[in-house]
Amino acid sequence: MFFSNILSSVLTRVVVSSMKQTHKHRYSTRTRQNYTDANRRPYTLRYAPKDVKEQESKVISTNRKDAKAIAVAKLQAGEVIAIPTDTVYGLTCSANNPEAIHRLYNIKGRHELKPVAICVASIEDVRQWGETDHLNDELLGELFPGAVTLVVRRSSKLNNPALNPGVANIGIRITENKFIQHVCEAFQQPIALTSANKSSSKSTLNVEEFKELWCELGAVFDGGQLGLSEEQRAASTVIDLSEPERYKIIRWGVSVEKIIKTVERHNFRAVE
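Predicted, not measured: the structure shown is a model, and the values here were computed from it.

A. Just the pattern of salt bridges, in detail. All chains considered together, the criterion is met by nine salt bridges. Of the charged contacts in the structure, one is a salt bridge between Arg233 and Glu209, with a shortest N-O distance of 2.9 Å. On the criterion of sequence distance, the pair formed by Arg233 in the loop between strand 9 (219–222) and strand 10 (237–240) and Glu209 in the loop between strand 8 (191–195) and strand 9 is long-range, its members being 24 residues apart. Under the relative-accessibility criterion, Arg233 is labelled buried at 14%. Its relative accessible area of 29% is what places Glu209 among the partly exposed residues. Through salt bridges that share partners, Glu209, Glu230 and Arg233 make up one connected network.

B. Expanded view of the layout of surface pockets. In this structure, the largest pocket encloses a volume near 820 Å³. Along its surface, the largest pocket is lined by 36 residues, and Arg110, Pro115, Thr194, Val238 and Arg251 are the ones closest to its centre. The leading source of residues in the lining of the largest pocket is strand 7 (residues 169–173), at four residues. A per-class count over the lining of the largest pocket returns 13 nonpolar, 15 polar and eight charged. Quantified by volume, the second largest pocket comes out at close to 190 Å³. Along its surface, the second largest pocket is lined by 15 residues, and Pro145, Gly146, Ala147, Ser255 and Lys258 are the ones closest to its centre. Among the elements of the structure, helix 6 (137–143) and helix 8 (256–265) are those that each provide at least two residues to the lining of the second largest pocket. For the lining of the second largest pocket, the element with the highest residue contribution is helix 8, accounting for three residues.

C. Representation of the nonpolar core. One finds Leu91, Ile118, Phe210, Leu217 and Leu241 to be the most contacted residues of the largest nonpolar core, which totals 48 residues. The element contributing the most residues to this core is helix 4 (residues 98–108), with five residues. Among the nonpolar cores identified, the runner-up in size contains 18 residues, and Ala71, Leu75, Cys119 and Leu193 belong to it.

D. Unusual backbone geometry, seen in detail. Put simply, Phe144 and Pro145 share a cis peptide bond, and its omega is -10°. Residue position: Pro145 is located in the loop between helix 6 and strand 6 (148–154). A positive phi is found at Ser200, a non-glycine position, where the angle reads about 80°. Ser200 sits in the exposed class, given a relative accessible area of 80%.

E. Focus on the packing of helix 3 (residues 67–76) against helix 7 (residues 178–187). It is the contact of helix 3 with helix 7, at a shortest axis distance of 9 Å, that shows an interaxial angle of 55°. The orientation of helix 3 with respect to helix 7, classified from their angle, is oblique. Along this stretch, helix 3 crosses helix 7, giving a crossing that reads as right-handed. Across from Ala67, Lys68, Ala71, Val72, Leu75 and Gln76 in helix 3, the residues of helix 7 making contact are Phe179, His182, Val183, Ala186 and Phe187. Here the residues of the contact of helix 3 with helix 7 are counted per class, giving eight nonpolar, two polar and one charged.

F. Representation of helix 7 within the structure. Every buried residue of helix 7 is listed here: Phe179, Ile180, Gln181, Val183, Cys184 and Phe187. The opening residue of helix 7 is Asn177, an N-cap whose side-chain oxygen sits 3.0 Å from the backbone nitrogen of Phe179. The first or second residue beyond helix 7 is Gln188, which carries a positive phi of 65°.

G. Fine view of the environment of Asp86. Relative to the assigned elements, Asp86 resides in the loop between strand 2 (81–84) and strand 3 (89–94). For Asp86 and Pro145, which are 59 residues apart along the polypeptide, the C-alpha to C-alpha distance reads 9.4 Å. Those residues in contact with Asp86, other than ones at most four positions away along the chain, are Gly146, Ala147, Arg173, Thr175, Glu176, Asn177 and Gln232. Reaching out from Asp86, the side chain makes a polar contact with the backbone nitrogen of Glu176 at a distance of 3.0 Å.

H. Layout of the confidence of the model for the chain. Looking at the chain, pLDDT values average 85 and 80% of them are 70 or higher. For residues 1–12, every residue scores under 50 in pLDDT, and the model assigns this stretch zero contacts once sequence neighbours within four places are set aside. Contacts of residues 14–48 to residues separated by more than four positions or lying in other chains number one contact, the stretch itself having pLDDT below 50.

Calculation rules
- Each chain carries its own residue numbering, running from 1 in the written order of its sequence.
- Residue-level local features of this predicted model are given only where pLDDT is at least 70; pairs of side-chain atoms are given and counted only at 80 or more, and the full residue set underlies all totals for whole chains, interfaces and linings.
- Hydrogens are left out, water is left out, and the side-chain values use all remaining heavy atoms of the structure.
- Salt bridge, as applied in this entry: a Lys or Arg side-chain nitrogen positioned within 4 Å of an Asp or Glu carboxyl oxygen.
- Counting from the N terminus, the helices are DSSP H or I runs at least four residues long and the strands are E runs at least two residues long.
- Working definition: with a 1.4 Å probe on protein chains only, accessible area under 20% of the residue-type maximum means buried, over 50% means exposed, and in between means partly exposed.
- Only protein atoms enter the 1 Å grid used here. Points where a 1.4 Å probe fits but cannot escape make up a cavity, open sets with protein on both sides within 12 Å along at least five of seven lines make up a pocket, and a residue lines them when an atom lies within 4 Å of a point.
- Grid points are joined across faces, edges and corners, and a volume is the space filled by probe spheres set on the points.
- Residues are grouped as follows: Ala, Val, Leu, Ile, Met, Phe, Trp, Tyr, Cys and Pro are nonpolar; Asp, Glu, Lys and Arg are charged; all remaining types, including Gly, are polar.
- Throughout, nonpolar core names a set of buried Ala, Val, Leu, Ile, Met, Phe, Trp, Tyr and Cys residues whose side chains join them through atoms within 4.5 Å.
- The axes used here are C-alpha line fits, helices contributing only the stretch in contact, and every angle between their N-to-C directions lies in the interval 0 to 180 degrees.
- Roughly parallel refers to an angle under 35 degrees, roughly antiparallel to one over 145, roughly perpendicular to one between 65 and 115, and oblique to any angle outside these ranges.
- For a crossing to be left-handed, the near helix must be turned anticlockwise from the far one by less than a right angle; the clockwise case is right-handed.
- Two residues qualify as a contact provided that any one of their heavy atoms is within 4.5 Å of a heavy atom in the partner residue.
- Counting of polar contacts relies on pairs of N or O atoms within 3.5 Å, with two restrictions inside protein: one atom must be capable of donating a hydrogen and the other of accepting it, and residues adjacent in sequence are counted only when both atoms are side-chain atoms.
- Confidence of the predictor at the level of single residues is given by pLDDT, which spans 0 to 100.

If you want it as structure tokens, here you go:
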């Protein structure tokens, strides 16, 4: 009887102790969980992930005093950058740098046999990089700067084998956007230009619309919202003036009616 009472007392103590430990463990786990849940959200909001910070640091306002210098340095280094034009945002790199051209195509997901245009600063540049003897200064002055890509025979000076291989013609732009004009003037070389979006996706009117490309770019130059209408996404009108007194609209875009009237006033006729 005596030993029975001792055994019963020991078992009772063991059970009680076990219950206390279990309760303590549950309380501790619940407290830690509540603390973690309560503090996780402020931590996340306060500290952005490193890769997000790095991407956002690539976005540079075109109003910054050093924006042009940064853009030129990126182009000279063979990087691909995003830049505003007078129609949509574009991806650009040095037109005479084969590695940069390959990088441009990879970022866009574009087939390398699909041509890209070049952008320059002046009509003198148009004549240097394209064969334009049959186009007078008055006509070129009415077309440029503007939302038009002029297709002519490429000059022998534009000899980058990676730029539109096997294509005899080249599309040339002078945009009305002052920032890209100033970049072209300072760079003193043609820049390859295509819209800032994945191939077959719609063109973009603000930098947020191609945010998925930021990580692959050397810089993103933010010129603000370029337009509000869907018509703006049509981009530039591409017109072939490679043959004397003949024209062909390759892509119907912004201001196409005005462009047609201009070339027809200079005795160019549509190719049937």
